[in-house]
Amino acid sequence: MLPLSPFPWQERPAGSSELLWRCTANPLTGHRPIPGVLGIYNSAVVPWQGAYVGVFRGDRTDGMPTLFRGESPDGLRWTFSPEPLALAGADAAIGIHEYAYDPRVVPLEGENRYLICWCNGYHGPTIGLAETRDFRTFTPLENAFLPYNRNGVLFPRKIRGRYAMLSRPSDTGHTPFGDIFYSESPDLTYWGRHRHVMSKGPTWWQGLKIGPGPVPMETPEGWLMIYHGVCNTCNGFVYRMGVALLDLDEPWKVIARGAGAIFGPEAPYEITGMVPNVTFPCAVLRDPAGSDRIAVYYGAADTHIALAFGHLDELVAYAKATSV
Ligand code: BMA
């Protein structure tokens with residue numbers, strides 16, 4: 001049997017009271033991480049065979065976003081395949097074609113497969129889906145929704161007997177609005193029973209739009225969702241992170257929603273880059289040893305991958321204590 005993947009972890013710096021703190025190795029990726037790619041960011045990482053594997057967003061030099069495969073022995077040092085992710089047997093009507101970005105990856109509980117969701121360019125942005133069993137061959141499923149939609153995030157198990165997904169309906173541009181919705185499916189093809197989960201606001205840092213981030217984490221008190229919240233400034237949008245606790249059986253019911261941003265752009269690699277002032281979470285690892293330690297992967301300034309650490313129990317407590 002393979003050993004557990006080594007969990008990337010650093011203790012909270014002495015004197016800090018932050019809920020999430022930055023990895024000292026940040027940013028984990030630099031400029032031109034592979035030939036012809038400006039930067040890799042907003043990406044999804046999962047433990048795999050005693051190490052890590054992931055699906056990564058890379059923007060080519062013409063700006064077009066594409067998905068790439070990456071692997072790492074420790075979750076910190078990454079190598080990327082130079083060729084874009086190939087979809088086997090891709091139906092030309094549904095596979096990656098115009099563009100692909102902001103992937104999330106989830107192992108489905110009780111099934112020997114991983115699902116990848118991403119923003120798929122199909123006459124405008126919508127939610128693309130593919131499955132893999134080996135992270136070598138990726139098989140496309142149907143797009144989940146009609147355009148326009150972004151930030152499709154699958155739950156890691158069926159809820160009330162159905163697959164469940166969060167998403168954020170959008171427009172064809174930079175979307176100056178946006179609430180989080182919930183949808184369910186019996187088969188990962190047909191999606192319905194759409195429910196509204198959360199609106200933008202009510203606090204200023206998330207006053208323009210919100211969108212789901214990494215795969216929600218199951219806790220005895222509910223699904224802990226890390227999400228992004230955006231406000232507008234005279235210099236453009238600013239992307240921060242917040243937390244909310246969703247009901248385990250009816251996740252469109254919000255149990256608690258933390259008032260403040262738990263993380264936002266401050267470090268040099270977050271406030272300068274292709275799009276300044278963006279921290280955009282897409283993946284979270286939980287300590288395989290069972291503690292409440294988590295490691296959050298986020299895109300920094302649409303240029304780098306970065307990592308932050310925290311304690312899941314503290315995020316749950318914060319959402320409850322400050323709920324708005
Ligand atoms: C959103 C998405 C993200 C990006 C963010 C900031 O609309 O496109 O991929 O990180 O804008 O540019």
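Residues numbered from 1 in each chain as written. Predicted model: local features only at pLDDT ≥ 70, side-chain atom pairs only at ≥ 80, totals over all residues. Heavy atoms only, no water.

What to know about the pairing of strand β10 (residues 149-154)
Then step 1. β10 sits mainly inside the fold: six of its six residues count as buried.
Then step 2. Bridge count between β10 and strand β11 (residues 163-169): four bridges; the pairing is antiparallel. Opposite R150, over in β11, you have R168 as the bridge partner. (Buried < 20%, exposed > 50% of the residue type's maximum accessible area, 1.4 Å probe, protein only. Helix = DSSP H or I, 4+ residues; strand = E, 2+ residues; numbered from the N terminus. Pairing = 2+ DSSP bridges.)

Concerning the site of the ligand
Then step 1. The immediate surroundings of the ligand are formed by N42, R57, Y101, D102, Y239, V275, V278, F280 and D302.
Then step 2. Contacts to the ligand include N42, whose side-chain N or O atom sits 2.9 Å from an oxygen atom.
Then step 3. The contact in question runs from an oxygen atom of the ligand to an N or O atom on the side chain of R57, over 2.6 Å.
Then step 4. When the ligand sits alone it has 310 Å² of accessible area, and the protein chains cover 86% of it. (Near = heavy atom within 4 Å. Polar contact = N/O pair within 3.5 Å; in protein donor to acceptor, adjacent residues only side chain to side chain. Areas by Shrake-Rupley, 256 points an atom, 1.4 Å probe, with all protein chains shown as cover.)

Regarding the sheet that holds strand β21 (residues 304-311)
Then step 1. Ordered by their spatial adjacency, four strands build an open sheet running β1-β21-β20-β19, and the pairing between neighbours is antiparallel. In this open sheet, the two strands that pair with only one neighbour each are β1 (20-22) and β19 (279-286). Geometrically, the sheet is characterised by an average inter-axis angle of 30 degrees between neighbouring strands, direction not taken into account.
Then step 2. As paired strands, β1 and β21 are joined by three bridges and run antiparallel to one another. Paired with W21 across the strands is F309, a residue of β21.
Then step 3. Across the sheet, helix α2 (residues 312-321) lies against β19, β20 (293-300) and β21, angled at about 80 degrees from β21, the strand it touches most. (Axes fitted to C-alpha atoms, helices over the stretch in contact; angles between N-to-C directions. Contact = heavy atoms within 4.5 Å.)

Some thoughts on unusual backbone geometry
Then step 1. Put simply, N26 and P27 share a cis peptide bond, and its omega is -15 degrees.
Then step 2. Inspection of the secondary structure assignment puts P27 in the loop between β1 and β2 (37-48).
Then step 3. In this structure, the amide linkage connecting G201 to the following residue, P202, adopts the cis form with an omega of 5 degrees.
Then step 4. Within the secondary structure layout, P202 lies in the loop between β13 (192-198) and β14 (209-212).
Then step 5. Not every positive phi belongs to a glycine, and R32 is a case in point at roughly 50 degrees.
Then step 6. Here R32 is to be found in the loop between β1 and β2.
Then step 7. Among the residues examined, R32 registers a relative accessible area of 52% and is labelled exposed.
Then step 8. With phi around 60 degrees, N151 is a residue other than glycine that occupies positive phi space.
Then step 9. Topologically, N151 is positioned in strand β10.

Points about the packing of aromatic side chains
Then step 1. Taken as a whole, this structure holds 17 aromatic pairs when the rule is applied.
Then step 2. Members of the aromatic cluster, each reached through a chain of ring pairs, are F7, W9, W21 and F309.
Then step 3. Lying across the ring of W252, R195 places its NZ or CZ 5.5 Å from the centre. (Phe/Tyr/Trp six-rings, centres within 6.5 Å; stacked < 30°, edge-to-face > 60°. Lys NZ or Arg CZ within 6 Å of the ring centre and 35° of its normal.)

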